[in-house]
Amino acid sequence: MSPSIFRASLAGKGSLPMRNATLRFAQSRCCVFGEADMEVLAKENYEEYLYFCREKNAHFMQTPQWAGVKAGWKSDIIVLRQEGKIRAGALLLLRKIPGTRHFLLYVPRGPVCQKQDLQQLMQDIFHYARSRRAFCIKIDPYVPAKDSDYHALLKQMGFCRLPAGAMGNTQPKFVYQIEIAEKTPAQILQGFAAKTRYNTRVAERRGVAIWSGGKERLEEFYRLLVQTGRRDGFAVRRQEYYENLLCQMRECAKLFLAEYEGKAVAGAVAIRFGETAWYLYGASSQEAKDAMPNYLLQYRMMLWAAKHGCKLYDMRGISGNFSPQSPLYGLYRFKKGFGGAVQEYLGEYELPVCRWLYGCYKMALSLRKWHKKWLLWKFCKKGNKISG
């Protein structure tokens, strides 16, 4: 199958009609391009894009494997080339809206491009969105919040940044990251806060053992995950999702279990790609919490990441509210104990393509968010706090 090619003139009178629902590229002073090609990559060339993502230290959610994890979503990869080599690209996920012919187009932790290529790539994504009947383009750039120029470019194109919830939106806006580059196990441990270091050693003294592998012990992890979801008030996906994740991400994903007295009492799923490893999902039992299994589990995952050449260990989402009175403060306190620092990303942006349908979608989303806030309020009213 040969790649599909879409051509769009970004200069002169041949540009798209400038309505409220369209990108304002022709009005942008920065948008002075000649004719550009947008290539929808053929599946046999996905390895080329994977290599490009690794070279650019992109987020694992921009890899072709992640598209395989997202069952129920259609996907494509678009790229821009220079002298035959990929210079920019994006994994696009499409989710059909029930009862309509339209799709939501989502670019998770992307696109993967330099600022000088952003306008051209987004113009191509807009052409793609129209051709696939997408009513909205949602992006979540893997870009630090301090990059005001990137935000200004997106705003100039017509994108609107969404207000972040307690834990971000689709992806967390605030994450906790630990530098592990070229550190020995002793140096990594030394970087922990004194209490965290003590708890890690307590787990070792009490005989907590760490197992790592693939999906062969997924059922034990899932049982812990369901318990944690009920205790901390969050929804848990079906077991098949986690099994598919481990299969699709192959050697980049690892399941970890902490065992105490022959029983799994805590577990986690970690993913590594390029120079970064992510703590993606975690679960624990209340039965053996005095043995501190979660602390040793995190330490061993950091060692696994460092062994594979990762420079950064990302513990993922925390709340942007660092007040001790926040019901999410326990999660922040747990992660902060491992050293490192808070990283804030730009956040989530949306651009409507079909405005009336976008309005209906936003209304439905508001009702859903209100319901989730009500459930969280009800959960916290009982005196619960979310911990690590």
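Heads up: the structure comes first, above all this text.
Okay, so let's go over this structure.

What counts and what doesn't
- Residues numbered from 1 in each chain as written.
- Predicted model: local features only at pLDDT ≥ 70, side-chain atom pairs only at ≥ 80, totals over all residues.
- Heavy atoms only, no water.
- Helix = DSSP H or I, 4+ residues; strand = E, 2+ residues; numbered from the N terminus.
- Pairing = 2+ DSSP bridges.
- Axes fitted to C-alpha atoms, helices over the stretch in contact; angles between N-to-C directions.
- Patch = residues over 30% accessible without salt bridge, like charges linked within 9 Å, V, L, I, M, F, W, Y side chains within 5 Å.
- Areas by Shrake-Rupley, 256 points an atom, 1.4 Å probe, with all protein chains shown as cover.
- Salt bridge = Lys/Arg side-chain N within 4 Å of Asp/Glu carboxyl O.
- Lys, Arg positive; Asp, Glu negative; His and termini not counted.
- Charge placed at Lys NZ, Arg CZ, Asp CG, Glu CD.
- Buried < 20%, exposed > 50% of the residue type's maximum accessible area, 1.4 Å probe, protein only.
- Phe/Tyr/Trp six-rings, centres within 6.5 Å; stacked < 30°, edge-to-face > 60°.
- Lys NZ or Arg CZ within 6 Å of the ring centre and 35° of its normal.
- Parallel < 35°, antiparallel > 145°, perpendicular 65-115°, else oblique.
- Left-handed = near helix turned anticlockwise from the far one by under 90°.
- Contact = heavy atoms within 4.5 Å.
- Nonpolar A, V, L, I, M, F, W, Y, C, P; charged D, E, K, R; others polar.
- Core = buried A, V, L, I, M, F, W, Y, C linked by side-chain atoms within 4.5 Å.

Details of the environment of Ala-164
In step 1: Tracing the backbone through its elements, the reader meets Ala-164 in the loop between β7 (160-161) and β8 (174-179).
In step 2: Taking the C-alpha atoms as reference points, Ala-164 and Gly-347, separated by 183 residues in sequence, lie 7.2 Å from one another.

Observations concerning the sheet that holds strand β12 (residues 276-284)
In step 1: Taken in spatial order, the seven strands of this open sheet run β9-β10-β11-β12-β13-β8-β14, and their pairing is mixed. Strand pairing shows two members of the sheet lacking a second neighbour, β9 (209-213) and β14 (341-344), which therefore form its edges. Strand-to-strand, the axes of this sheet are offset by a mean angle of 30°, without reference to chain direction.
In step 2: When β9 meets strand β10 (residues 253-260), the two strands line up antiparallel, connected through five bridges. When the bridges of β10 are listed, Ala-209 appears paired with Glu-259.

Focus: a positive patch on the surface
In step 1: A surface patch of positive charge is lined by Lys-74, Lys-96, Arg-101 and Arg-133.
In step 2: Position of Lys-74 relative to the elements: it lies in strand β3 (residues 74-82).
In step 3: The class of Lys-74 is exposed, set by a relative accessible area of 54%.

Considerations on the pairing of β3
In step 1: Pairing of β3 with strand β4 (residues 85-96) involves nine bridges; the strand directions are antiparallel. Across the sheet, the residue bridging to Leu-80 is Ala-88, located in β4.

Some thoughts on the pattern of salt bridges
In step 1: Counted under the stated rule, the structure contains 16 salt bridges.
In step 2: As a salt-bridge pair, Lys-138 and Glu-348 come within 3.1 Å of each other at their nearest N and O atoms. Of the two residues, Lys-138 is situated in strand β6 (residues 134-139) and Glu-348 in the loop between β14 and β15 (349-352); the sequence distance between them amounts to 210 residues. Of the two residues, Lys-138 and Glu-348, neither departs from the other in class, the shared state being buried.
In step 3: The closest approach of N and O atoms between Glu-344 and Lys-173, which form a salt bridge, is 2.4 Å. Taken as a pair, Glu-344 in strand β14 and Lys-173 in the loop between β7 and β8 lie far apart in primary sequence, 171 residues in all.
In step 4: We classify Glu-344 as partly exposed; its relative accessible area is 29%.
In step 5: Since its relative accessible area comes to 12%, Lys-173 is described here as buried.
In step 6: Connected through salt bridges with shared partners, the residues Glu-39, Glu-48 and Arg-81 form a single ionic network.

Things to note about the packing of aromatic side chains
In step 1: Under the counting rule described, the total for this entry stands at 20 aromatic pairs.
In step 2: Ring centres of Phe-192 and Phe-338 lie 5.0 Å apart, and the angle between their planes is 80°; on these two criteria the pair is classed as edge-to-face. A residue pair is termed long-range when its members are at least 10 positions apart, and Phe-192 in the loop between α5 (185-190) and α6 (194-205) and Phe-338 in the loop between α10 (329-336) and β14 qualify at 146 residues.
In step 3: For Phe-192, a relative accessible area of 3% gives the class buried.
In step 4: Considering the side-chain rings of Phe-322 and Tyr-332, the 4.8 Å spacing of their centres and the 45° angle between planes classify their relative orientation as tilted. Residue Phe-322 is located in the loop between β13 (312-318) and α10, and its partner Tyr-332 is located in helix α10; the two are separated by 10 residues in the primary sequence.
In step 5: Using a relative accessible area of 33% as the deciding quantity, one classes Phe-322 as partly exposed.
In step 6: Among the aromatic residues, those joined into a cluster by ring pairs are Phe-174, Tyr-176, Phe-322, Tyr-329 and Tyr-332.
In step 7: Lying across the ring of Trp-211, Arg-217 places its NZ or CZ 5.0 Å from the centre.

Points about the packing of helix α3 (residues 115-131) against helix α4 (residues 148-157)
In step 1: Closest axis-to-axis distance for the α3/α4 pair is 11 Å, and the angle between their directions is 20°. On the basis of the axis angle, α3 is roughly parallel to α4. Here α3 and α4 pass one another in a crossing that is right-handed. Touching Lys-115, Leu-118, Gln-119 and Met-122 of α3 are Asp-149, Tyr-150, Leu-153, Leu-154, Gln-156 and Met-157, all from α4.

What to know about the packing of helix α7 (residues 218-232) against helix α8 (residues 239-249)
In step 1: Their axes nearest at 10 Å, the elements α7 and α8 cross at an angle of 130°. The pairing of α7 with α8 is recorded here as oblique in orientation. Seen along the crossing, α7 lies across α8 with a hand that is right-handed. Residue-level inspection shows Leu-218, Glu-219, Tyr-222 and Leu-225 of α7 in contact with α8, the latter providing Gln-239, Tyr-242, Glu-243 and Leu-246.
In step 2: Among the residues making up the contact of α7 with α8, the classes are represented as five nonpolar, one polar and two charged.

Description of unusual backbone geometry
Backbone geometry follows two general trends: most residues other than glycine have a negative phi, and most peptide bonds adopt the trans configuration.
In step 1: Cis geometry marks the peptide bond from Gly-110 to Pro-111; its omega dihedral reads 5°.
In step 2: You can see Pro-111 is positioned in the loop between β5 (103-107) and α3.
In step 3: Here the phi dihedral of Glu-83 falls at roughly 55°; this positive angle occurs in a residue that is not glycine.
In step 4: Structurally, the position occupied by Glu-83 is in the loop between β3 and β4.

Things to note about the nonpolar core
In step 1: Membership of the largest hydrophobic core comes to 50 residues, with the highest contact counts inside it found for Tyr-49, Phe-60, Trp-66, Phe-221, Leu-245 and Ile-271.
In step 2: Beyond its immediate sequence surroundings of up to four residues, Tyr-49 is in contact with Leu-41, Gln-62, Pro-64, Ile-77, Val-79, Ile-86, Gly-89, Ala-90, Leu-91 and Val-112.
In step 3: Counting residues in hydrophobic clusters, the runner-up holds 34 residues, among them Val-208, Ala-268, Leu-296 and Met-315.

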